[in-house]
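# Breakdown of the fold
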Amino acid sequence: MAKYLVEKNGPLRGEVAISGAKNAVLPILAATILAEGPCEILEVPALRDVDVMCRLLRGVGFHVEEYYEEGRILVEPRKLTTDEVPRDLVKKMRASFLAMGPLLAKAGQAMVAAPGGCTIGARPIDLHLKGFRALGATVDDGGDPISARADKLTAGKVYLDFPSVGATENIMMAATLAEGVTVIENAAEEPEIVDLANFLNKMGAKIKGAGTDTVRIEGVQALHGAKHAVIPDRIETGTFMVAAAITRGDVLIKNALPDHVKAVTAKLMECGVTVEDLEEGIRVRGDRGPLASTDIKTMPYPGFPTDMQSQFMALMTTVKGTSVIVEKVFENRYMHIGELNRMGAGIRIEGNNAVIPGEQRLHGAQVIATDLRAGAALVLAGLRAEGVTEVSEIYHIERGYADFIGKLQALGAKITKVED
Ligand code: UD1
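This next bit is on the packing of aromatic side chains. Scanning the entire structure with this criterion turns up three aromatic pairs. Ring plane angle 70 degrees and centroid distance 5.9 Å describe the contact between phenylalanine 240 and phenylalanine 404, whose orientation is recorded as edge-to-face. Taken together, the residues span a long stretch of sequence, with phenylalanine 240 in helix H8 (residues 234-246) and phenylalanine 404 in helix H14 (residues 404-410) at a distance of 164 residues. Seen in terms of ring centroids, phenylalanine 304 and phenylalanine 312 are 5.3 Å apart; in terms of plane orientation they differ by 85 degrees. Their pairing is edge-to-face. Overall, the relative accessible area of 5% leaves phenylalanine 304 in the buried class. Through a chain of ring-to-ring contacts, the aromatic side chains of Phe240, Tyr401 and Phe404 assemble into a single cluster.

Here's what the structure looks like:
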């Protein structure tokens, strides 16, 4: 198994270009199932999860060409050969469940293996299914696979008990071909939902309100192919912002959208990090004075993203003062605390709060990337820790960060990938 060796580093300096957003390209690729003609997706990041979604599309009979050097994927819809998403792909990647809405709408029936929990929490799919039922589908979730069928979907009104990103996307995709106007209330407002809606609208869908808490989808007869460039990854952006801060460096982050990282920017500035929106990109400086602690509560967008919680926690171990982080989106997303503590972080869990003492002298250790963002946090902590940090199970990191170590190395980081 491959691992990363990370050495203590001085300030990271230079420029980094952000790739297309993982969490936007995955639903967009799932949405191509709805298309009657070829789709061309641009600004595609070279990620394992993207390849899994392409395999899923091939699994249902489509022709897919992946050109990662050009950041381009071509999807040519063919007649669906199955209405079942291959089980091994759902087990490999939860986002495979996003194929259920499009398959149900296109084929009138869909079967997807129950995705199950993961290290960050139970992750139920009840809200996705609530939405399909509201569109008139008969859903059987008593067994595995979960199945849904409807000869013709009809519009409905869905209130999401929690603004789930995946449920909003799945229901939005299914509703594009439902008869009438569907309304999703308490919808998630993440930028990736807006990007998906923009793509669907280019395909001929009639979606309004994406990016607000109420999304209206007027069903159409059919969707055609479209060409679309994926938005930049705001979590990769935030991760490099924290990389600049934790090493007290000076990094220009190109191809990033400042509006999408407002919460991260605000919290970094509260700590004393300088963040400037320049024409060329976001310049982040952690070298302009001592950094101090701040408290964080993760929330649905536009709140502070849960996907930035662990990286920020790594930063908080290095600043002056104690900070408290509260995870409000996923109940079990504290797995990285045990790993950071192996490096000397001394973080305590008190109820739902993580209490992080600042100014810890981190030291290298053998640590495990328990999930994608936890893995990124351990790499960032490793850049500050005395000695060498060995991060294993790095396939998690490679699922979601395009050329993570190449980009860090270009900023001066001492990080290498070795095979065990
Ligand atoms: C997406 C992102 C993930 C991010 C998360 C929250 C993708 C591919 N993944 O995941 O990186 O961490 O948003 O920003 O875009 N919930 C239910 N019932 C449901 C669905 C969700 O109770 O049917 C709960 C979940 O358990 C969780 C919360 O809603 O507590 C948020 O989950 P959700 O927004 O659905 O996350 P994902 O779409 O899975």
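Once the structure has been displayed, the description carries forward.
Core analysis: the biggest nonpolar cluster contains 81 residues, and Leu29, Ile41, Val50, Leu153, Met172 and Leu200 have the highest contact counts within it. For this core, the element with the most residues is helix H1 (residues 22-31), which contributes seven residues. In this view, methionine 172 contacts Ile184, Ile193, Leu196, Ala197, Leu200, Ile207, Val215 and Ile217; residues no more than four positions away in its chain are not counted. Counting residues in hydrophobic clusters, the runner-up holds 68 residues, among them Val261, Ile282, Met313 and Val391.

Our next topic: the pairing of strand E4 (residues 63-67). Of the pairings in the sheet, the one linking E4 to strand E5 (residues 72-76) comprises five bridges and is antiparallel in character. Bridge pairing in E5 places glutamate 66 opposite isoleucine 73.

Our focus in this paragraph is the pairing of strand E18 (residues 323-326). As paired strands, strand E17 (residues 296-297) and E18 are joined by two bridges and run parallel to one another. Note on E18: the bridge partner recorded for isoleucine 296 is isoleucine 325. A crossover connection joins E17 to the parallel E18 through helix H10 (residues 309-316); in handedness this β-α-β unit is right-handed. Of the pairings in the sheet, the one linking E18 to strand E20 (residues 353-356) comprises four bridges and is antiparallel in character. Counted as the bridge partner of valine 324 is valine 355 from E20.

Let us now look at the site of the ligand. Of all residues adjacent to the ligand, which total 16 residues, the nearest are Asp126, Leu127, Ser164, Asp307 and Val329. Asparagine 23 is positioned with one of its side-chain polar atoms (N or O) 3.0 Å from an oxygen atom of the ligand. Interatomic distance of 2.6 Å between a side-chain N/O atom of aspartate 307 and an oxygen atom of the ligand. Contact with the protein chains hides 84% of the accessible area of the ligand, taken as 740 Å² for the molecule alone. Counting residues per element, the ones that place at least two in the shell around the ligand are helix H5 (126-134) and helix H6 (165-175). Among the elements that line the shell around the ligand, the one with the most residues is H5, at three residues. Classifying every residue of the shell around the ligand gives seven nonpolar, five polar and four charged.

The four strands are arranged E2-E14-E16-E15 in an open sheet whose pairing can be described as mixed. Each edge of the sheet is formed by a strand with only one pairing partner; in this case those strands are strand E2 (13-17) and strand E15 (274-277). Averaged over all pairs of adjacent strands, the angle between their axes in this sheet comes to 15 degrees, without regard to strand direction.

It is worth spelling out the environment of proline 77 at this point. Position of proline 77 relative to the elements: it lies in the loop between E5 and helix H3 (87-92). Owing to a relative accessible area of 16%, proline 77 belongs among the buried residues under this scheme. Sequence separation between proline 77 and arginine 58 is 19 residues; the distance between their C-alpha atoms is 9.4 Å. Residues contacting proline 77, with those up to four places away along its chain left out, are Thr32, Ala35, Glu36, Gly37, Pro38 and Phe62.

Running from amino to carboxyl end, H8 crosses helix H9 (residues 262-271) at an angle of 10 degrees, the nearest separation of the two axes being 10 Å. Taken together, the axes of H8 and H9 lie roughly parallel to each other. Residues Gly238, Met241 and Ala245 of H8 form the contact with H9, whose participating residues are Val264, Thr265 and Leu268. Grouping the amino acids of the contact of H8 with H9 by side-chain chemistry returns four nonpolar, two polar and no charged.

Here we come to the pattern of salt bridges. It is possible for side chains bearing opposite charge to pair when their charged atoms get close. Taken as a whole and assessed by the stated rule, the structure comprises 26 salt bridges. Between aspartate 49 and lysine 22 there is a salt bridge, with its nearest N and O atoms 3.9 Å apart. Pair noted here: aspartate 49 is in helix H2 (residues 48-59) and lysine 22 is in helix H1, with a separation of 27 residues, a long-range link. For aspartate 49, a relative accessible area of 2% gives the class buried. In this structure, the salt-bridge partner of aspartate 250 is arginine 285, at a minimum N-O distance of 3.5 Å.

Procedures and definitions
- Residues numbered from 1 in each chain as written.
- Predicted model: local features only at pLDDT ≥ 70, side-chain atom pairs only at ≥ 80, totals over all residues.
- Heavy atoms only, no water.
- Phe/Tyr/Trp six-rings, centres within 6.5 Å; stacked < 30°, edge-to-face > 60°.
- Helix = DSSP H or I, 4+ residues; strand = E, 2+ residues; numbered from the N terminus.
- Buried < 20%, exposed > 50% of the residue type's maximum accessible area, 1.4 Å probe, protein only.
- Core = buried A, V, L, I, M, F, W, Y, C linked by side-chain atoms within 4.5 Å.
- Contact = heavy atoms within 4.5 Å.
- Pairing = 2+ DSSP bridges.
- Right-handed = clockwise from strand over helix to strand, strands pointing away.
- Near = heavy atom within 4 Å.
- Polar contact = N/O pair within 3.5 Å; in protein donor to acceptor, adjacent residues only side chain to side chain.
- Areas by Shrake-Rupley, 256 points an atom, 1.4 Å probe, with all protein chains shown as cover.
- Nonpolar A, V, L, I, M, F, W, Y, C, P; charged D, E, K, R; others polar.
- Axes fitted to C-alpha atoms, helices over the stretch in contact; angles between N-to-C directions.
- Parallel < 35°, antiparallel > 145°, perpendicular 65-115°, else oblique.
- Salt bridge = Lys/Arg side-chain N within 4 Å of Asp/Glu carboxyl O.

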